[in-house]
Structure formats: structure tokens, C-alpha cells
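# Results of the structural survey
One-letter residues, chain by chain:
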Amino acid sequence: MEEHDPERDEQLRSEIWRGLYEFFLAEHERHLETVTELGVSPGDLKALMRLIPDRGEPMRALADMWRCDASTVTWIVDRLEKQGLVERQAHQTDRRVKVVILSSRGKQLRARLLNDLHRPPAILSELSNTDLETLHRLSARLRPE
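Read on for a plain summary of the structure. (Residues numbered from 1 in each chain as written. Predicted model: local features only at pLDDT ≥ 70, side-chain atom pairs only at ≥ 80, totals over all residues. Heavy atoms only, no water.)

### A few points about the overall build of the protein
Threshold: Numbering of helices and strands runs from the N terminus, with a helix taken as a DSSP run of H or I at least four residues long and a strand as a DSSP run of E at least two residues long. Just to be clear, the radius of gyration here is over C-alpha atoms, and the globule rule we use is 2.2 Å times residues to the power 0.38. Categorising residues by exposure relies on relative accessible area from a 1.4 Å probe, with only protein chains included: less than 20% of the type maximum marks a residue as buried, more than 50% marks it as exposed, and the intermediate range marks it as partly exposed. Contacts are residue-level and defined by heavy atoms, with any inter-residue pair within 4.5 Å sufficient.
Counting secondary structure elements, the protein contains six helices and three strands. Taking 15 Å as the expected radius of gyration for a compact globule of 145 residues, we find that the protein reaches 20 Å, considerably beyond that expectation. Across the 145 residues in the protein, those meeting the buried criterion constitute 23%. Expressed as a percentage of contacts within the protein between residues at least 6 apart in sequence, the contacts between residues at least 24 apart total 47%.

### Considerations on a nonpolar patch on the surface
Rule in force here: Residues form patches when they are more than 30% accessible in relative terms and have no salt bridge. Like charges link within 9 Å. Nonpolar side chains (Val, Leu, Ile, Met, Phe, Trp, Tyr) link within 5 Å. The accessible surface values rely on the Shrake-Rupley method and a 1.4 Å probe; as for residues, cover is taken only from the protein chains in view. For this analysis, a salt bridge means a side-chain nitrogen from Lys or Arg found within 4 Å of a carboxyl oxygen belonging to Asp or Glu.
A cluster of nonpolar side chains, Trp17, Tyr21 and Leu25, forms an exposed patch at the surface whose accessible area comes to about 360 Å². Take tyrosine 21: it is sitting in helix α1 (residues 6-37).

### Some thoughts on the pairing of strand β3 (residues 98-102)
Put simply, the test is: A pair of strands is considered paired only if DSSP assigns at least 2 bridges between the two.
The buried count for β3 comes to four of five residues, which makes it a mostly enclosed element. Taken together, the five bridges between strand β2 (residues 86-90) and β3 define a ladder with antiparallel strand orientation. Following the sheet pairing, glutamate 87 is matched in β3 by isoleucine 101.

### With respect to helix α3 (residues 59-66)
Basically, it comes down to this: Each C-beta atom gives one direction from the helix axis, and the arc is the one those directions make.
Residues Met59, Leu62, Ala63, Met65 and Trp66 constitute the buried set of α3. All buried residues of α3 project into a common sector of 165° when viewed along the axis, lining one side. For α3, the elements touching its buried residues are α2 (42-50), β1 (57-58), α4 (70-82), β2 and β3.

### Let's talk about the pattern of salt bridges
Under the definition given, this model contains nine salt bridges. Arginine 13 is paired through a salt bridge with glutamate 10; the nearest N and O atoms lie 3.0 Å apart. Placement of both arginine 13 and glutamate 10 in helix α1 is noted, with a separation of three residues, approximately one turn of the helix. In the salt-bridge network here, residues are joined through shared partners; they are Asp78, Glu81 and Arg88.

### With respect to the packing of α3 against α4
Relative orientation and spacing of two packed helices are given, respectively, by the angle between their axes and the distance between those axes. Where we set the bar: In this analysis an axis means a line fitted to C-alpha atoms, helices contributing only their contacting stretch, and an angle means the value between N-to-C directions, from 0 to 180 degrees. Reported orientations rely on four angle classes, namely roughly parallel under 35 degrees, roughly antiparallel over 145, roughly perpendicular from 65 to 115, and oblique for the rest.
For the pair α3 and α4, interaxial distance at closest approach is 9 Å and the crossing angle is 105°. With respect to their mutual orientation, α3 and α4 come out roughly perpendicular. In contact with Met59, Arg60, Leu62, Ala63 and Trp66 of α3, α4 contributes Ala70, Val73, Thr74, Ile76 and Val77.

Honestly, it's all geometry; don't read function into it.
Below is the structure:
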């Protein structure tokens, strides 16, 4: 039976986390470079990824979702609206409330960004099938429920 060394276990967890974090950070940077070429800022990207197609979100809900104040939401929505990516509309039941909805151009760009984001990094093609199966099994266990 394998003996556990708590100090070694903690060191191993730290090394694994550091490796995963550095990998994801590098991929995030690569992705940001790609979206910048499309004229999308990191803030725009975050906003577009959080907006659900065909569902209007009140400005206040966006502030909560994006963890920022209302003036920041207004600034971001203004930018997206100028790019033709979102539209402001009156709320269906409370005309005093403005909701933000993706335009058809915004939906297309969001779909393209998601497609790019979900494309596996090239380095994964360098792994063996055995390694890929192991990584798949382990990553499934790490997903939040």
C-alpha cells in the first residue's frame, strides 16, 4: 500500500496547479490576441460571452453578472452598441428598464468567438491517445457540478 507524505502531496498539488494555471493563462493570452484581431477588447469579449442569444438582460443584472458598477456597464454597452453587436430595448413588462440583447451581428461574432475558444490548443495533438484518455478522465473529475 502506498504511503502518503502530506508535505509531498501538497507540493505535488501545487506543481500541478501551477502547470495548469500557466497553461490556461498562455491559452487565454493567445485567445485575446485572436479576438483583438477581430476588433474585440478583453472587456467586450467578457461581455459577449456572458450575454445569452435571444435573451435580454437588464443593465442592473449585467452589472451584477460582470461584477462592476452601472457606469461601467453603460460604457461597455455603449461600445458594443456602436459596433453593432448589441441593442438596447425596453423591458417587456417594465418600460422604465432597459435590457441589452445581442444583435444578429453580435450573435454571429459570439458564435465565432466560442468556436475559437473551444478549439483545442495545438499542443494537445502532441499527446498520445493514452495521455488524452487519462487527461479526459481527470478533467471530467475537475469540472464543477
